[in-house]
Amino acid sequence: MRPEVKAMLWRWREVVVALVVVALMGLWAASSFGVMRWIALGVTALSVIFAIAAIQRARFDRGGGGFGAVEVDEGVVSFFSPLTGGQVEIEALTAVTLIPTGKGHAHWQLDAPGQPPLTIPVNAHGAEALFDVFVTLEGLETEKMLRQIKQTPDHPVVIWRKRTAVLH
């Protein structure tokens with residue numbers, strides 16, 4: 001199997017599994033009666049929800065092969081590379097910005113008060129773990145984020161900014 005086909009199948013593996021489960025549960029629902037039909041319909045509905053989430057996750061993944069490595073552990077995002085790196089607590093994040101570069105790849109900039117911004121290439125090793133971090137941020141528009149990643153904007157785009165109370 002060609003490496004690029006294998007990489008594509010690996011990237012979309014969760015979607016394939018979810019769609020197989022949807023098909024099998026749909027078949028089970030169509031061929032059963034009573035309580036078993038309702039159970040199959042319920043599992044089918046859950047499988048559709050998981051398929052939608054898997055599609056979003058696959059769209060977020062840029063395939064790796066980039067500079068550096070990302071690790072998310074115990075509420076902390078860490079980025080390691082030979083030239084730069086750093087850590088930021090997820091709870092401390094105040095903004096997530098997508099910054100384009102001239103080479104066609106973009107970078108995530110994670111801002112937190114009292115520390116320099118953490119810049120992570122979108123195709124860094126393990127950067128797909130950032131999807132789970134980003135979807136937990138209150139008010140983040142997932143579809144907007146996925147569209148911006150696909151388009152690779154020509155100027156920095158704020159994907160998410162923490163809402164703060166304004167005191168008068």
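It should be emphasised that the depicted structure is a prediction, and the values quoted were computed from it without experimental measurement.

Caption draft 1: Quick look at the pattern of salt bridges. Throughout the structure, instances matching the rule amount to 3 salt bridges. The shortest N-O distance in the salt bridge between Arg57 and Asp132 comes to 2.8 Å. Pair noted here: Arg57 is in helix 3 (residues 35–60) and Asp132 is in helix 4 (residues 130–135), with a separation of 75 residues, a long-range link. A relative accessible area of 38% means that Asp132 is categorised as partly exposed.

Caption draft 2: Molecular detail of helix 2 (residues 13–31). Given a rise of 1.5 Å per residue, 19 residues ought to cover 27 Å, and the 27 Å separating the end C-alpha atoms of helix 2 matches this to within 8%. For helix 2, the set of buried residues is Val15, Ala18, Met25 and Ala29. The arc that holds every buried residue of helix 2, seen down its axis, measures 100 degrees, which confines them to one face. In helix 2, the exposed residues that point more than 90 degrees away from the buried face are Val17, Ala23, Leu27 and Ala30. On its buried side, helix 2 packs onto helix 3.

Caption draft 3: A look at the pairing of strand 3 (residues 85–89). Pairing of strand 2 (residues 76–80) with strand 3, which is carried by 5 bridges, proceeds in the antiparallel orientation. In the sheet register, Phe79 faces strand 3, and the bridge partner there is Gly86. Hairpin connection from strand 2 to strand 3: 4 residues lie between these consecutive antiparallel strands.

Caption draft 4: Here's a closer look at the side chain of Thr97. If you trace the backbone, Thr97 turns up in strand 4 (residues 95–100). Thr97 gets classed as buried once you look at its relative accessible area, which sits at 10%. For Thr97, the residues in contact, after removing those within four places along its chain, are His107, Trp108, Gln109, Asp111, Pro156, Val157, Val158 and Ile159.

Caption draft 5: How the structure looks around the packing of aromatic side chains. This model, assessed by the stated rule, comprises 4 aromatic pairs. Pairing Phe60 with Phe134 gives two aromatic rings, centres 6.0 Å apart and planes at 80 degrees, and the pair type is edge-to-face. Taken together, the residues Phe60 in helix 3 and Phe134 in helix 4 connect sequence positions 74 residues apart. The buried category is assigned to Phe60, whose relative accessible area is 4%.

Caption draft 6: Spatial organisation of the sheet that holds strand 2. Spatially, 1-2-3 is the arrangement adopted by the 3 strands of the open sheet, whose pairing is antiparallel. At either end of the open sheet lies a strand with only one pairing partner, and these are strand 1 (69–73) and strand 3. On average, each strand axis in the sheet is inclined to that of its neighbour by 15 degrees, with strand direction left out of account.

Caption draft 7: Local environment of the environment of Leu130. Its location among the elements puts Leu130 in helix 4. Put simply, Leu130 and Trp108 are 22 residues apart on the chain and 9.5 Å apart in space, counted from C-alpha to C-alpha.

Caption draft 8: Molecular detail of the pairing of strand 4. In terms of residue burial, strand 4 counts as a mostly covered element, since 5 of its 6 residues are buried. Where strand 4 meets strand 5 (residues 106–111), 6 bridges bridge the pair, whose relative direction is antiparallel. What sits directly across from Ala95, in strand 5, is Asp111. Sheet topology places strand 4 next to strand 7 (residues 157–161); 4 bridges connect them, and they run antiparallel. From the neighbouring strand, Val96 faces strand 7, where its bridge partner is Trp160.

Definitions and cut-offs
- Residues numbered from 1 in each chain as written.
- Predicted model: local features only at pLDDT ≥ 70, side-chain atom pairs only at ≥ 80, totals over all residues.
- Heavy atoms only, no water.
- Salt bridge = Lys/Arg side-chain N within 4 Å of Asp/Glu carboxyl O.
- Helix = DSSP H or I, 4+ residues; strand = E, 2+ residues; numbered from the N terminus.
- Buried < 20%, exposed > 50% of the residue type's maximum accessible area, 1.4 Å probe, protein only.
- Expected span 1.5 Å × (residues − 1).
- Arc of directions from axis to C-beta.
- Contact = heavy atoms within 4.5 Å.
- Pairing = 2+ DSSP bridges.
- Phe/Tyr/Trp six-rings, centres within 6.5 Å; stacked < 30°, edge-to-face > 60°.
- Axes fitted to C-alpha atoms, helices over the stretch in contact; angles between N-to-C directions.

In short, geometric facts, not functional conclusions.
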